[in-house]
Amino acid sequence: MKLYIISNRLPVKATAKEDTFIFSRSEGGVATGLDSLQGDYEKHWVGWPGICTDKEEEKQHIRRQLEEMNFHPVFLSDGQYRNYYEGYSNSTLWPLCHYFFAYTQYKKSFWQAYQEVNALFCREICRLVGPNDWVWVQDYQLMLLPEMLRREFPGLHIGYFHHIPFPSYELFRILPERAEILKGLLGADFVAFHTHDYMRHFISAAERVLHVDFSLDEVRMGNRIVRVDALPMGVNYELYHNAPRQKNVWDAIERTRSLYGKHKLILSVDRLDYSKGILHRLYGFASFLEHHPEYHGKVTLTMVIVPSRDHVGSYAELKTRIDEEIGSINGRYSTMDWTPVCYLYHGFPFEELAAMYFIADIALVTPLRDGMNLVAKEYIAVKQDNPGVLVLSEMAGAAVELTDALLVNPNDTEQIENAICRALEMPVEEQKERMHRMQAIVSVQTVNKWAADFVNEWQEAALKNKAMRLKKISPQHMEEIKRRYLHARKRLILLDYDGTLAAFRKKPEDASPTPQLLDTLQRLAADPLNHVVINSGRDHFTLEKWLGALPVSFAAEHGAFYKENGVWHKNIHTQEWSPGLLSILRLFVNRTPRSHLEIKETALVWHYREADAWLGALRAQQLVNALISICLKQHLQIMQGNKVIEIKSPEYTKGSEVNRLLLTTRYDFILAMGDDTTDDDMFKAVPPTAVTVKIGTASESARYNLPAQTDTLPFLQQLANGNSGKASLKNSLKGQLSSAVDFFKRIINQ
Ligand code: GDG
């Protein structure tokens, strides 16, 4: 099995040196996590190699070298890199996803390059993968890719992980390309985020922008589902925890410790980014110094800031402001032997970073927004039994798990100041207890577990999709069904109406049958071998009005009525609806704009298809809760259907009518078609040899699936046409006979 990891950058970087290229490998968290994945995978990586070149021979050279390590480069021109990476990715999506609305830039050239580069990635992947391979797309630079790949390879297994926050719908809706981005992601089988909040935001954005309908964590897209979940990424715990036992790390620990002497060390480590709250942290520290002179000369804030995205305007500006703020604090408080802020504007090798984590008394991690924040977890992992306090922003994804940190709102300077004081004064025992509890979490939720959990859940979703694909009526299935149909002597054809024979409309009364549908039903029913039954939840008046002229039978209101040989029968007495029940339903109609109540003779139906998706789902749940006790007392059943809640007698269902039909006649071909959960009763009532077809999402209870309502008519037409040879001969003989009669009549009259 081949697993392709797709990320903006490859985990290796090519650098031009004299007349050749050297490759340096950066073992990021994702790379280590994936390396440890158990299973029979051949791993490949596709991404930008860190260099722009126009020369074909240089590209070939880099490609050859990288492919030896199963790395596949996607080359970008300078312009593409600027507009796709610095532009749409980091000047549009990044600020928006981190709630920096004012920094978000909308430029056509950015969006064009983003589409172009996603398509470039798609082309490269298509060149490499087979139709059943596994492709795991990483992060916000490649949000269009899942759908692009799906179009090329419908059966490909596609996963996507979003490493940064997914903003609330209210913010996301601002993006001009919101629909394209969401559709792009829904090309995957499985989409995951660090936290349930991001997952919730994604679901609500997709529901509102694309009008798709999630059922808990899944949404149906044609003949497949997309599963969504929250999977917090972790760190390579063993690597960090064992680091102090390495000689070079221990040496670095001793060196660093001697540098700080008795000073308490507060550490922060970030890429230079406005989302990391570096300035807010400095304001908090300045305020701490101002109000706590007793700590002057005793505490140092060491800030490791790794240069990043310095071509993006907002970053250069931020750098200037940080420099100024640090200058101002140091200028004000420094003494001959103490500098309050130690500012290190460059990256450090792993040993030195681990050493700083080990000796730091406090890690001050205060992003304004952060998808997860691995620095917080690394700090915890490196600690042994030595004390240390993590001060963590509640806006970081890591705050969901690390509740033993001192959680702060980074916008509140006073809170940062107080947290620093509290951390400095915290008894060592309490520090250790908190640290141990957090280590218990970080050591279990590792990056390896994250990758394994992702792949497991992705496989489940992909398997479900595969099963659905197999249920979809293929040309071979169709031939087999037609063959059985033609050889049968007595056929029962059970058809649901709404969502099966007719598409859902905003107003149920608008879903009247089309001339094509009437014609197809007429042709099917005209065959004396066929018994066609419309098995619907609709009231019998409407069914009679729309379809009563056809030679078909009916089961209406979920089996409460049936029509046979042209006569309607009623299985149950007309319900007297109690005023209490009606008033509950009317209350919900009033409280849910665009919902309405349908009063049938044997059932009450609350329709909420047109209501806001979120409000509709909330009210549906509330309504069911409000109805339970009253329905129990009155022996009524509450049925949850497709955007409807129906209250009816439990005695009759779509299945009970089928049982009655099967008792009276022996059929050697049974077809049942339906789209709703209520149709499962019908599917379950027919024998296992029956051709059961679920429209929309596949059902456990139905053998076959047709992905869309619009597939029903062509399917039925194929069956009706299967008999067209005989039927048309009969019809043409009838026609010839009547012309001959007319001819003779005319002669006689002359
Ligand atoms: C994105 C999301 C999410 C930093 N300085 C040095 C150094 N680092 C390493 C850290 C850590 C990594 O960089 C930074 O990871 P973060 O998670 O803090 O932040 P982002 O880079 O913004 O990452 C973030 C992450 O994706 C994963 O999904 O957590 O929210 O924004 O591993 O150790 N490493 C070395 N020297 C340094 O000077 N060796």
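Here, the structure is the one placed above.
Now for a quick tour of the structure. For clarity, every value in this text was computed on a predicted model and none was experimentally measured. (Residues numbered from 1 in each chain as written. Predicted model: local features only at pLDDT ≥ 70, side-chain atom pairs only at ≥ 80, totals over all residues. Heavy atoms only, no water.)

1. Describing the sheet that holds strand S20 (residues 553-556)
Spatial ordering of the open sheet is given by S22-S21-S20-S19-S18-S27-S28-S29, a layout of eight strands whose pairing is mixed. At either margin of the open sheet sits one strand with a lone partner, and together these are strand S22 (567-570) and strand S29 (704-706). Between one strand and the next, the sheet's axes are offset by a mean angle of 15°, whatever the strand orientation. When S20 meets strand S21 (residues 561-564), the two strands line up antiparallel, connected through three bridges. Considered in S21, the bridge of Phe554 is made with Lys563. Lying over the sheet, helix H25 (residues 712-722) contacts strand S18 (491-495), strand S27 (669-674), strand S28 (691-695) and S29, oriented at roughly 165° with respect to S27. (Pairing = 2+ DSSP bridges. Helix = DSSP H or I, 4+ residues; strand = E, 2+ residues; numbered from the N terminus. Axes fitted to C-alpha atoms, helices over the stretch in contact; angles between N-to-C directions. Contact = heavy atoms within 4.5 Å.)

2. Remarks on the site of the ligand
Taken together, 20 residues sit near the ligand, with His163, Phe348, Asp370, Met372 and Glu378 positioned nearest. One of the side-chain N or O atoms of His194 is found 2.9 Å from an oxygen atom in the ligand. At a separation of 2.6 Å, a nitrogen atom of the ligand approaches a polar backbone atom of Phe348. Those elements giving two or more residues to the shell around the ligand turn out to be strand S12 (264-271), helix H13 (350-359) and helix H14 (374-382). (Near = heavy atom within 4 Å. Polar contact = N/O pair within 3.5 Å; in protein donor to acceptor, adjacent residues only side chain to side chain.)

3. Focus: the nonpolar core
Ranked by size, the top nonpolar core spans 102 residues in total, and within it Ile6 and Phe202 carry the most contacts. Residues lining this core come from more than one domain, with at least three contributed by each of domain 1 (2-230) and domain 2 (237-445). Residues in contact with Ile6, not counting those within four places in the same chain, are Val46, Phe121, Ile125, Val135, Trp136, Val137, Gln138, Leu142 and Leu145. In terms of nonpolar packing, the next biggest core, distinct from the first, is built from 40 residues, Ile359, Tyr379, Ala396 and Val442 among them. (Core = buried A, V, L, I, M, F, W, Y, C linked by side-chain atoms within 4.5 Å. Buried < 20%, exposed > 50% of the residue type's maximum accessible area, 1.4 Å probe, protein only. Domains from an automatic or database assignment.)

4. Describing the environment of Pro387
Take Pro387: it is sitting in the loop between H14 and strand S16 (389-393). Distance from Pro387 to Arg434, taken between C-alpha atoms, is 9.3 Å for residues 47 residues apart in sequence. Not counting residues within four places of it along the chain, the set of residues in contact with Pro387 comprises Ala360, Val428, Gln431 and Lys432.

5. With respect to the pattern of salt bridges
Inspection of every chain in the model, using the stated rule, returns 40 salt bridges. Two residues, Arg173 and Glu170, come together in a salt bridge whose shortest N-O distance is 3.0 Å. For Arg489, the salt bridge is made with Asp668, and the minimal N-O distance between the two is 3.9 Å. Residue Arg489 is found in the loop between helix H18 (475-487) and S18, and its partner Asp668 is found in the loop between helix H23 (654-664) and S27; the two are separated by 179 residues along the sequence. On the accessibility criterion, Asp668 (37% relative accessible area) is partly exposed. Taken together, the shared-partner salt bridges in this structure form one network comprising Glu218, Arg227, Glu457, Glu460 and Lys464. (Salt bridge = Lys/Arg side-chain N within 4 Å of Asp/Glu carboxyl O.)

6. Remarks on unusual backbone geometry
A negative phi holds for most residues other than glycine; trans holds for most peptide bonds. Located in the positive-phi region is His211, a residue other than glycine, with phi close to 55°. With respect to the secondary-structure elements, His211 resides in the loop between helix H8 (196-210) and strand S9 (214-215). Phi at His635 takes a positive value of approximately 55°, unusual for a residue other than glycine. Within the secondary structure, His635 is located in the loop between helix H22 (613-633) and strand S25 (637-641).

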